[in-house]
Amino acid sequence: MQHMTESQEIEKEAEHLYKNLQRVGWSKEKCRSIAPITLEINRLKKELNAIILAHSYQTPDIIFGVADFVGDSFGLSKKAQQVNADIIVFAGVKFMAETAKILNPEKTVILPSLEAGCSLADSITGEDVRKLKAQYPNVPVVSYINTNVDVKAESDVICTSSNAAKIIKRLESDTVIFIPDMLMLKNLSAETGKKLIGWNGKCVVHEEFNIQHIQELKKLYPDIKILAHLECDPSVAMNADFVGSTSQMIEYVKKSPAKKFMLATECGLVERLKVEISPEKEFYGACLLCPYMKKITLENILESLLDPDDEQIIKVDKDIQVRALSALQKMFELSK
Ligand code: SF4
């Protein structure tokens, strides 16, 4: 069999990238410029037995060029449980990479950028949770997965936006500590009918969507379907046609006969859908960028595979890992 030359390989990779990325406005030239990097990353993945898990909010070059699995926090944590690879590179933010480490303590988990944090996760510490527990003894603590590992270790159960309502309803207690997303808490209070004690954390992306914007879009396009993430303000959620997690939004758009949609969430999801679904379905309104998610690039993924800095390798103390794992396992149990 004749081997391809390097330039033929690059051309083939550029074609492959262009097939998907042209739907989100990428030129052939731009695809050609990243082809050597995606080729090298994919080669290193095989050589090192590494896998890349990517959140739907990542850029399309990562999602369609190098990711092995793309999903939301719940899908990614389930996937992280089944991974066979020796190395997991997380194209997402720190709490997601930590979750993969909690589930795979013996594997190497890499986060390519140390700046990939999260406003929600960084709003609360394990010490804050201990104080809340002292203030409300015997009240179960449900923590959103968007929390750092010390907070997960202090929690009874973790939840994601896909299963939060189900988990809160399944707990026997009528009062629940739900941390740290205050807007999500308000949406969940209405849905679950339980008394929720919270924390004033917010997602810097989802708190920006407002009701005026939605009303204007509905006036312009009366047949538009508005989908809001559970982290949005309740005024937005109440005026949406559907409220849920990113994976639930994907399902909704794929199944809906409607042709026009507005997604009140991060732009990455809109771009992913533009590639994956029929071009007949169109997206309107402004999406917003998460500054933390966008810290991950093809370049830092490549560098972290070639020669990871010590800080890029996620480390979790054994005691904390065991306690956080128990709260995560409780989530898998209660969300069945
Ligand atoms: S979109 Fe919001 S919740 Fe998600 S990582 Fe960014 S800041 Fe955190």
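Conventions used here
- Residue positions are given per chain, counting from 1 as you read along its sequence in written order.
- pLDDT decides what is reported in this predicted model: residues at 70 or higher carry local features, side-chain atom pairs at 80 or more are listed and counted, and totals for whole chains, interfaces and linings draw on all residues regardless.
- Values shown for side chains rest on all heavy atoms present in the structure; no hydrogens or waters enter the calculation.
- Paired strands, in this sense, are two strands between which DSSP finds at least two bridges.
- Secondary structure elements are taken from DSSP: a helix is a run of H or I of four residues or more, a strand is a run of E of two residues or more, and numbering for both begins at the N terminus.
- For helices, the fitted axis covers only the stretch in contact; all axes are lines through C-alpha atoms, and the angles between them, taken along N-to-C directions, range from 0 to 180 degrees.
- Whether two residues are in contact is decided by their heavy atoms, any of which lying within 4.5 Å being enough.
- Salt bridge, as applied in this entry: a Lys or Arg side-chain nitrogen positioned within 4 Å of an Asp or Glu carboxyl oxygen.
- Domain borders in the structure are assigned automatically or taken from a domain database.
- Note: buried area is the sum, over both parts, of the accessible area (probe 1.4 Å) each one loses when the two are combined.
- In the analysis that follows, any N or O atom pair within 3.5 Å is treated as a polar contact, provided that within protein one partner can donate a hydrogen and the other can accept it, and provided that, for residues neighboring in sequence, both atoms belong to side chains.
- By the convention adopted, Pro, Cys, Tyr, Trp, Phe, Met, Ile, Leu, Val and Ala count as nonpolar, Lys, Arg, Asp and Glu as charged, and the other residues, Gly among them, as polar.
- What makes a residue near a molecule or strand is one non-hydrogen atom of that residue sitting within 4 Å of it.
- Two cysteine sulfurs form what is called a disulfide whenever their separation falls within 2.5 Å.
- Each patch is assembled from residues with relative accessible area greater than 30% and no salt bridge, linking like charges that lie within 9 Å and nonpolar side chains (Val, Leu, Ile, Met, Phe, Trp, Tyr) that lie within 5 Å.
- Under the convention used here, a 1.4 Å probe and the Shrake-Rupley method define accessible areas, while residue burial counts only the protein chains that appear.
- We treat Lys and Arg as the positive residues and Asp and Glu as the negative residues; His and chain ends play no part in the count.
- Where a charge lies is defined by one atom per residue type, namely NZ (Lys), CZ (Arg), CG (Asp) and CD (Glu).
- By the definition used in this description, the sense in which the near helix is turned from the far one sets the handedness, with an anticlockwise turn below a right angle giving left-handed and a clockwise turn giving right-handed.
- Two rings from Phe, Tyr or Trp (for Trp, the six-membered ring) form a pair when their centres sit within 6.5 Å of each other. Planes less than 30 degrees apart are called stacked, planes more than 60 degrees apart edge-to-face, and all others tilted.
- Exposure is judged per residue with a 1.4 Å probe applied to protein chains only, and the accessible area is read against the type maximum: over 50% gives exposed, under 20% gives buried, and values in between give partly exposed.

### What to know about the sheet that holds strand E7 (residues 175-179)
Here comes step 1: In space, the four strands of this open sheet follow the order E6-E5-E7-E8, with parallel pairing throughout. Each having just a single partner strand, strand E6 (157-159) and strand E8 (195-197) make up the two edges of the open sheet. Neighbour to neighbour, the strand axes of the sheet diverge by 35° on average, direction disregarded.
Here comes step 2: Relative to E6, strand E5 (residues 141-144) runs parallel, the two sharing three bridges. Bridge pairing links Ser143 to Ile158 in E6.
Here comes step 3: On top of the sheet, helix H9 (residues 182-192) reaches E5, E7 and E8; it is set at about 160° to E8, its chief contact.

### Focus: the pattern of salt bridges
Here comes step 1: This model, assessed by the stated rule, comprises 20 salt bridges.
Here comes step 2: It is possible to trace a salt-bridge network through shared partners that takes in Glu127, Arg130, Lys133, Glu154, Asp319 and Arg323.

### What about the domain arrangement of the protein?
Here comes step 1: Structurally, the protein comprises domain 1 (6-116 + 293-312), domain 2 (121-201) and domain 3 (206-283).
Here comes step 2: Each of domain 2 and domain 3 was reduced to a C-alpha centroid, and the two centroids are 26 Å apart.
Here comes step 3: Of all residues in domain 2, Ser161, Leu183 and Asn187 give up the largest surface area on contact with domain 3, accounting jointly for 58% of the area buried on that side.
Here comes step 4: Taken together, domain 2 and domain 3 are joined by zero salt bridges.
Here comes step 5: The interface formed by domain 2 and domain 3 includes five residue pairs in polar contact (both at pLDDT 80 or more).
Here comes step 6: No other element matches H9, which puts five residues into the side of domain 2 that touches domain 3.
Here comes step 7: Looking at the side of domain 2 that touches domain 3 residue by residue, the class counts come to four nonpolar, four polar and two charged.

### Regarding the sheet that holds strand E4 (residues 108-110)
Across a sheet, paired strands are connected by hydrogen bonds in the backbone, their directions being either parallel or antiparallel.
Here comes step 1: With parallel pairing, the four strands of this open sheet are ordered in space as E2-E1-E3-E4. Two strands close off the open sheet at either side, each with one partner strand: strand E2 (69-71) and E4. On average, each strand axis in the sheet is inclined to that of its neighbour by 20°, with strand direction left out of account.
Here comes step 2: In terms of strand pairing, strand E3 (residues 87-91) meets E4 through three bridges, oriented parallel. If you follow Ile87 over to E4, its bridge partner there is Thr108.
Here comes step 3: Sheet contacts for helix H14 (residues 298-306): strand E1 (50-55), E3 and E4; angle to E3, the most-contacted strand, approximately 160°.

### Notes on the site of the ligand
Here comes step 1: Around the ligand, 13 residues are found, and the nearest of them are Cys118, Asn146, Cys203, Glu231 and Cys290.
Here comes step 2: A breakdown of the residues in the shell around the ligand according to their chemical character gives ten nonpolar, two polar and one charged.

### Structural notes on the state of the cysteines
Here comes step 1: For the structure shown, the criterion picks out one disulfide.
Here comes step 2: No disulfide involves Cys232; its sulfur sits 8.1 Å from that of Cys203, the nearest cysteine.

### Description of a negative patch on the surface
Here comes step 1: A cluster of acidic residues, Glu299, Glu303, Asp307, Asp309 and Glu311, forms a negative patch at the surface.
Here comes step 2: Among the structural elements, Glu303 can be located in helix H14.

### Here we look at the packing of helix H12 (residues 246-255) against helix H13 (residues 267-276)
Packed helices, taken two at a time, are described by the angle between their axes plus the distance between the axes.
Here comes step 1: Their axes nearest at 11 Å, the elements H12 and H13 cross at an angle of 35°. Crossing handedness for the pair H12 and H13: right-handed. Where H12 approaches H13, its residues Thr246, Met249, Ile250, Val253 and Lys254 are matched on the opposing element by Leu269, Arg272, Leu273 and Glu276.
Here comes step 2: Residues that form the contact of H12 with H13 fall into these classes: five nonpolar, one polar and three charged.

### A word on the packing of aromatic side chains
Here comes step 1: Tallied over the entire structure, the rule returns four aromatic pairs.
Here comes step 2: Ring geometry for Phe261 and Phe283: centres 6.0 Å apart, planes at 35°, overall tilted. Placement of Phe261 in strand E11 (residues 260-264) and of Phe283 in strand E12 (residues 282-283) is noted, with a sequence separation of 22 residues between them.
Here comes step 3: The class for Phe261 is buried, based on a relative accessible area of 0%.

### Focus on the side chain of Glu154
Here comes step 1: Following the sequence through the fold, Glu154 ends up in the loop between helix H7 (149-153) and E6.
Here comes step 2: In this structure Glu154 comes out as buried when scored by relative accessible area, which is 9%.
Here comes step 3: Not counting residues within four places of it along the chain, the set of residues in contact with Glu154 comprises Gly126, Val129, Arg130, Lys133, Val141 and Arg323.

### Some words on the pairing of E1
Here comes step 1: Among the six residues in E1, six count as buried, and that is most of the element.
Here comes step 2: Burial along E1 is two-sided: the face carrying Ala50, Ile52 and Ala54 and the face carrying Ile51, Leu53 and His55 are both buried.
Here comes step 3: In the sheet, E1 pairs with E3 via five bridges, with the strands oriented parallel. The residue bridging Ile52 from the neighbouring strand is Val89, located in E3.
Here comes step 4: With three bridges connecting them, E1 and E2 associate as parallel partners. From the neighbouring strand, Leu53 faces E2, where its bridge partner is Phe69.

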